[in-house]
Amino acid sequence: MPAAGNLPVRVLFATPEAHPVIKTGGLGDVSGALPAALKKEGADVRVLLPAYGAVLAALPGARPVADLGGIAPFPDVRLLEAQLPGGVPLLLIDCPSLYGRPGGPYQDGHGHDWPDNPRRFGLLSKVAAVLADGHSPLPWQPQILHCNDWQTGLAPAYLHFGPGPRAKTVMAIHNLLFQGVYALGTAGLLGLPPESLGIEGVEYYGNLSFLKAGIHYADRIATVSPSYALEIQTEALGFGMHGLLRHRRRHLRGIVNGIDTEAWDPLTDPHIAQNYGPDALEKKAVNKRLLQRAMGLKEDAEIPLLGVICRLTLQKGIDLLLAAAPQLMKLPAQIAVLGSGEPQLQRLLAAFAGRHPAMVAARTQFDEPLSHLIEAGADIFLMPSRFEPCGLNQMYSQRYGTPPVVHATGGLKDTVTDCTPDTQAAGTATGFAFTAMTPAAFVAAVRRAIAALHDQEAWRRIQRAGMARDFSWAASARQYLDLYRSLLA
Ligand code: ADP
């Protein structure tokens, strides 16, 4: 599809991670999938990523395409080119002194942030700005620079103070909790001009924030669901940025993420025991039995099985799950949890499961195949997140005929239709939502879900409505293209 005029819109997508080359969370999934979906919709998109050691190991064929020399005050860098699956060109920033080391993109092997992260992601932001400011050494010049999370937040600031002409900028927020806050003195190491250091700039409560810089200087701000776009303008979920976001609300847009509908398809999923579709939902029982066996739960076809997959953090409402678990068990229901994260929450979950081995199982590791089996084998999926910018598992679970129980927040609110007498009659209900973040409200929603589960006809309608939802990336990509076009008009 032609984008601007008859020519495809040229987009540079700057990100600190991109699946399948390097991923620590949801941003990696988005950066792997959205550029490919934009390309399918006709955009000319390139992804910009640091050449971490793990990235170079995964892409041995990457070849040099430009020498950027020294971009003061950063070391010399080269640009390498490779490709992501889906044929999206990938530009890698090769700077061994900042990126060439073992460990993760943000942390060392012991879970400590790299002390030079401001320089590492200052460089990512700076290179994005150099490629977008009309003086790029590449023959290809983007019209849009799409920045992702705090790691790229300084790019709109560098561009603002650059010589121009420049690309238009979009600052995408995937989770406002992570803001890239450092001492104001760091600005000297980043080559930020003195006039950027005030409140109308990168300054943030006496410090410097990469994300605040992006929100302040970008032409448009995007986040990953319409409800989250509203919530981050409130004190409760704005984490200190709400005033600025409210100020910029006319330029703020919420666009729900898609999911990988090939990797997450119960008809073809290789990780589950029995493939099934909306017309053969009785086959799901085979997956339930295998899940109970794999997790050491009592094998019982009748007892409702509740699945949970997430990072174990307060954001995901694991404390609420723990508080509600004794009542959930008495409904009765089994609970199968897969998640890693905060050691204290891991210990509490494992201890609870240890006391009730037939009813509760917890696996505290990262296990992609098991996550697919939980989506397929559970009867009901639980997502009591305190806040959720978009969330993926509630979409996977609807696609797998495993209706979710969700806290009505952010993307959960926007992607799950609560079962009420009206939505049930209309055939649009796909799950169960609760509003108060209390064990009582959570348990009440699970009770509603279990009551519906026991009415097979009603349950099949809810399952099929969820399975029929379009969660593909194409819809999101079209909305991003609209946003780009509004900037280029
Ligand atoms: P977030 O990005 O906040 O962690 P999302 O729901 O947006 O949450 O995405 C998390 C992704 O990571 C999902 O694909 C989820 O299934 C996956 N995931 C989280 N924890 C685990 C785990 N322990 N094992 C396997 N997959 C996991």
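Residues numbered from 1 in each chain as written. Predicted model: local features only at pLDDT ≥ 70, side-chain atom pairs only at ≥ 80, totals over all residues. Heavy atoms only, no water.

**Focus: the pairing of strand E11 (residues 220-223)**
Next, step 1: The alternating pattern of E11 places Arg 220 and Ala 222 and Ile 221 and Thr 223 on opposite faces, both of which are buried.
Next, step 2: As defined by bridge partners, strand E7 (residues 168-173) adjoins E11 across four bridges and the pair is classed as parallel. The partner of Ile 173 across the bridge, within E11, is Thr 223.
Next, step 3: Bridging between E11 and strand E12 (residues 252-254) involves three bridges; their strand directions are parallel. Bridge assignment links Thr 223 to a residue of E12, and that residue is Gly 254. (Buried < 20%, exposed > 50% of the residue type's maximum accessible area, 1.4 Å probe, protein only. Helix = DSSP H or I, 4+ residues; strand = E, 2+ residues; numbered from the N terminus. Pairing = 2+ DSSP bridges.)

**Points about the sheet that holds strand E9 (residues 203-204)**
For sheets, the rule is that strands pair by backbone hydrogen bonds, running either parallel or antiparallel.
Next, step 1: As summarised here, the arrangement of the three strands in space is E8-E10-E9, forming an open sheet in which the pairing is antiparallel. The sheet is open, and its two borders are formed by strand E8 (181-183) and E9, each paired with just one other strand.
Next, step 2: In this structure, E8 lies alongside strand E10 (residues 207-209), joined through three bridges in antiparallel fashion. Within E10, the residue paired with Ala 183 across the bridge is Asn 207.
Next, step 3: Each of E8, E9 and E10 touches helix H7 (residues 210-217); the most contacted strand, E10, lies at about 60 degrees to it. (Contact = heavy atoms within 4.5 Å. Axes fitted to C-alpha atoms, helices over the stretch in contact; angles between N-to-C directions.)

**Some details on the packing of aromatic side chains**
To describe a pair of aromatic rings, one takes the distance between the centres and the angle between the planes.
Next, step 1: This model, assessed by the stated rule, comprises 13 aromatic pairs.
Next, step 2: Aromatic side chains Phe 239 and Phe 387 sit 5.3 Å apart centroid to centroid with 65 degrees between the ring planes, which places their arrangement in the edge-to-face category. Residue Phe 239 is found in the loop between helix H9 (235-238) and helix H10 (242-247), and its partner Phe 387 is found in the loop between strand E16 (380-383) and helix H15 (393-399); the two are separated by 148 residues along the sequence.
Next, step 3: Grouping aromatic residues by their ring pairs yields a cluster made of Tyr 106, Phe 121, Trp 150, Tyr 182 and Phe 210.
Next, step 4: When the ring centre of Trp 114 is taken as reference, the NZ or CZ atom of Arg 101 above it lies at 4.7 Å. (Phe/Tyr/Trp six-rings, centres within 6.5 Å; stacked < 30°, edge-to-face > 60°. Lys NZ or Arg CZ within 6 Å of the ring centre and 35° of its normal.)

**A word on the site of the ligand**
Next, step 1: Close to the ligand lie 16 residues, the nearest being Arg 311, Lys 316, Gln 365, Asp 367 and Asn 393.
Next, step 2: For the ligand, an oxygen atom lies 3.1 Å from a polar atom in the backbone of Leu 392.
Next, step 3: At 3.1 Å from an oxygen atom of the ligand is found a side-chain nitrogen or oxygen belonging to Asn 393.
Next, step 4: Relative to its unbound accessible area of 560 Å², the ligand is 90% covered by the protein chains.
Next, step 5: By residue class, the composition of the shell around the ligand is six nonpolar, seven polar and three charged. (Near = heavy atom within 4 Å. Polar contact = N/O pair within 3.5 Å; in protein donor to acceptor, adjacent residues only side chain to side chain. Areas by Shrake-Rupley, 256 points an atom, 1.4 Å probe, with all protein chains shown as cover. Nonpolar A, V, L, I, M, F, W, Y, C, P; charged D, E, K, R; others polar.)

**Here we look at H7**
Next, step 1: Burial within H7 is extensive, with seven of its eight residues counted as buried.
Next, step 2: Within H7, burial applies to Phe 210, Leu 211, Lys 212, Ala 213, Gly 214, Ile 215 and Tyr 217.
Next, step 3: Sitting at the head of H7, Ser 209 places a side-chain oxygen 3.3 Å from the backbone nitrogen of Leu 211.

**Brief notes about the sheet that holds strand E14 (residues 334-338)**
Next, step 1: Overall, parallel pairing links the six strands, which are arranged E15-E14-E13-E16-E17-E18 in an open sheet. At either end of the open sheet lies a strand with only one pairing partner, and these are strand E15 (360-363) and strand E18 (432-434). When strand polarity is set aside, the average angle formed by the axes of neighbouring strands in this sheet is 20 degrees.
Next, step 2: Taken together, the four bridges between E14 and E15 define a ladder with parallel strand orientation. Looking at the pairing, Leu 338 lines up with Arg 363 of E15.

**Some thoughts on unusual backbone geometry**
Next, step 1: Note that the residue after His 19, namely Pro 20, is joined by a cis bond; omega there is 5 degrees.
Next, step 2: Within the fold, Pro 20 resides in the loop between strand E1 (10-14) and helix H1 (26-40).
Next, step 3: Looking along the chain, the bond that leaves Leu 331 and enters Pro 332 is cis, with omega of 0 degrees.
Next, step 4: Position of Pro 332 among the secondary structure elements: in the loop between helix H12 (318-330) and E14.
Next, step 5: Phi is positive for Phe 239, close to 45 degrees, though the residue is something other than glycine.

**So, the pattern of salt bridges**
Next, step 1: All told, the structure shown has 15 salt bridges when counted by the stated rule.
Next, step 2: Residues Lys 288 and Asp 379 are paired through a salt bridge, measuring 2.7 Å at the closest nitrogen-oxygen approach. Here the residue Lys 288 occupies a position in helix H11 (residues 284-294), and Asp 379 occupies one in the loop between helix H14 (368-377) and E16, the gap between them amounting to 91 residues.
Next, step 3: Among the salt bridges present, the one from Asp 300 reaches Lys 298, with a minimum N-O distance of 3.9 Å. (Salt bridge = Lys/Arg side-chain N within 4 Å of Asp/Glu carboxyl O.)

**So, the nonpolar core**
Next, step 1: Ranked by size, the top nonpolar core spans 97 residues in total, and within it Leu 48, Leu 123 and Val 127 carry the most contacts.
Next, step 2: Ranked by the residues each element gives to this core, the list is headed by helix H4 (residues 117-132), at nine residues.
Next, step 3: Every residue in contact with Leu 123, bar those within four places of it in the chain, is listed here: Ile 71, Phe 74, Val 77, Ile 93, Cys 95, Leu 98 and Tyr 99.
Next, step 4: Core analysis: the second largest hydrophobic core is formed by 40 residues, Ile 303, Ile 318, Leu 349 and Ile 462 among them. (Core = buried A, V, L, I, M, F, W, Y, C linked by side-chain atoms within 4.5 Å.)

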